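Per-entry structural report
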Amino acid sequence: MSTILVASDLDRTLIYSAAALALTMPDHRAPRLLCVEVHEHKPLSYVTENAALLLAELKSAAVFVPTTTRTRKQYQRIRLPGPASEFAICANGGHLLVNGVSDPDWAGEVTGRIAAECVPLDEVRAHLRAVADPRWLRKERIAEDLFAYLVVERELLPEEWVKELAAWAEPRGWTVSLQGRKIYAVPKPLTKSAAVREVARRTGAELTLAAGDSLLDADLLLAADRGWRPGHGELAEAGWQGPRTEALAECGVLAGEEILRRFLDARDWVRSPHDQGKQHQNH
């Protein structure tokens, strides 16, 4: 049987904070939830109980690779259902974890490409500090010495500010993404798709499935054989479409559950050569 690789974004794709759950149904019809992340002694992220069962099933049928912009420390707070994944991708592709440990060769290759193709992180950070307004800026952070992000009061953030930042970053080899209350500035060579291709090479995967909700997931979805995006998020707001990506109607935590169903349904696309020949004969 062919190997299937499933690379999925986490936040607002598979797992959801209380603010992102989008439980719009009557209370008595709301799904039961399972907490999958605790931070500073408080529950932080959830999946539905149905999603937990689906994810455990998926892990037994495919190489499941959590693929996140989170730092390694932030990722390690998450406890997903089912056995631990052999591979995980953190820092938007900057770190490829193998059994929980960052692969030093991969990390070195990524930092080399960034140094060759982009202006330094310090220059980007200085610009962010210079143009951010204290009225809406709450935090300024560096992640893994690879990229920068701001935490903002979204209601006070001027709509044009992000566009102006993106225009400044583009010729300097950086990209900008707005996700909830966070504005990311990420070097262009730092991509989820590159790290996923490396995992596919190592595992011999013949089919790659993917899901994501933000502009930082667009390259991942374009690189996959099939992909899905939820009905919320940066990609949905932009009306983004990919040739092999399906836009789902579901929003919030129910979108995460539906994405897992689609991953499992896609197993039917992969059959042994014997089964494929048999199907051909029947037709």
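The coordinates are above.
Criteria and cut-off values
Counting of residues starts from 1 at the beginning of each chain's written sequence and follows it residue by residue. Owing to the predicted nature of the model, reporting of local features is limited to residues with pLDDT of at least 70; listing and counting of side-chain atom pairs is limited to 80 or more, with chain, interface and lining totals taken over all residues. No hydrogens and no water enter the side-chain calculation; it runs on all heavy atoms of the structure. By the criteria applied, helices consist of DSSP H or I runs no shorter than four residues and strands consist of E runs no shorter than two, each listed in order from the N terminus. Taken over C-alpha atoms, the radius of gyration is set against a globule rule of 2.2 Å times the number of residues to the power 0.38. When accessible area is computed with a 1.4 Å probe and restricted to protein chains, residues below 20% of their type maximum are described as buried, those above 50% as exposed, and intermediate ones as partly exposed. Note on definitions: a residue-residue contact is assigned when non-hydrogen atoms from the two residues lie within 4.5 Å. Here the accessible surface of atoms and residues is derived via Shrake-Rupley with a 1.4 Å probe, and residues count as covered only by protein chains that are part of the display. A pair of strands is treated as paired once DSSP finds two or more bridges between them. To define axes, lines are fitted to C-alpha atoms, for helices over the stretch in contact only, and angles between the resulting N-to-C directions are given on a 0 to 180 degree scale. Centre distance within 6.5 Å is the pairing criterion for rings of Phe, Tyr and Trp, where only the six-membered ring of Trp is used; planes under 30 degrees apart are then read as stacked, over 60 as edge-to-face, and the remainder as tilted. We count a charge as sitting over a ring when the NZ of a lysine or the CZ of an arginine lies within 6 Å of the ring centre and within 35 degrees of the ring normal. Put simply, a salt bridge is a Lys or Arg side-chain nitrogen that is within 4 Å of an Asp or Glu carboxyl oxygen.

Turning next to the overall build of the protein. Along the protein, the regular secondary structure elements total 10 helices and 15 strands. Since a compact globule built from 283 residues should have a radius of gyration of about 19 Å, the 19 Å found for the protein is in line with a globular shape. Based on the C-alpha atoms only, the size of the protein along its principal axes is roughly 65 × 50 × 35 Å. Across the 283 residues of the protein, 51% fall into the buried class. Counting only contacts in the protein whose residues sit at least 6 apart along the sequence, the fraction spanning at least 24 positions is 58%. Of the accessible surface of the protein, which amounts to about 14200 Å², a share of 49% is contributed by carbon and sulfur atoms.

One open sheet accounts for 4 strands, arranged β9-β10-β12-β11; its pairing is antiparallel. Each edge of the open sheet is held by one strand with a lone partner, namely β9 (137-143) and β11 (174-179). Across this sheet, the average inter-strand angle for adjacent strands is 15 degrees, counted without regard to direction. Bridge count for strand β10 (residues 147-152) against strand β12 (residues 182-187) is 4 bridges, and the pairing is antiparallel. The partner of Ala148 across the bridge, within β12, is Ala185.

Counting across every chain of the model gives 4 aromatic pairs. Ring geometry for Tyr149 and Tyr184: centres 5.5 Å apart, planes at 35 degrees, overall tilted. Of the two residues, Tyr149 is situated in strand β10 and Tyr184 in strand β12; the sequence distance between them amounts to 35 residues. You can call Tyr149 buried: its relative accessible area is 10%. Tyr184 gets classed as buried once you look at its relative accessible area, which sits at 10%. Pairing Trp228 with Phe263 gives two aromatic rings, centres 5.6 Å apart and planes at 85 degrees, and the pair type is edge-to-face. Of this pair, Trp228 sits in strand β14 (residues 226-229) while Phe263 sits in helix α9 (residues 253-265), and the two are 35 residues apart along the sequence. Taking NZ or CZ as reference, Arg113 lies 5.7 Å from the ring centre of Trp106, over its face.

A few words on the pattern of salt bridges. Here the structure, examined in full by the defined rule, presents 23 salt bridges. Close ionic contact of Glu198 with Arg201 constitutes a salt bridge, the shortest N to O distance being 2.7 Å. Here the residue Glu198 and the residue Arg201 both occupy positions in helix α6 (residues 192-203), the gap between them amounting to 3 residues, near one helical turn. Assessed through its relative accessible area of 14%, Glu198 is described here as buried. Across the salt bridge formed by Arg261 and Glu257, the nearest N and O atoms sit 2.4 Å from each other. Taken together, the residues span about one helical turn, with Arg261 and Glu257 both in helix α9 at a distance of 4 residues. The structure contains a network of salt bridges with shared partners spanning Glu246, Glu257, Glu258, Arg261 and Arg262.

The phi angle at Asn92 is positive, at roughly 60 degrees, despite the residue not being glycine. Checked against the element boundaries, Asn92 lands in the loop between β6 (87-90) and β7 (95-98). Take Asn92: its relative accessible area is 2%, and that puts it in the buried class. Even without being a glycine, Asn99 presents a positive backbone phi close to 55 degrees. Residue position: Asn99 is located in the loop between β7 and β8 (101-102). On the accessibility criterion, Asn99 (58% relative accessible area) is exposed.

Take the pairing of β7 next. With 4 bridges connecting them, β6 and β7 associate as antiparallel partners. Paired with Ile89 across the two strands is Leu96, which belongs to β7. Counted between consecutive antiparallel strands, the loop separating β6 from β7 contains 4 residues, among which Ala91 sits at a positive phi close to 55 degrees. The sheet contact formed by β7 and β8 spans 2 bridges and is antiparallel. Paired with Leu97 across the bridge in β8 is Ser102. The turn joining β7 and β8, which pair antiparallel and follow one another in sequence, is formed by 2 residues; a positive phi near 55 degrees is taken by Asn99.

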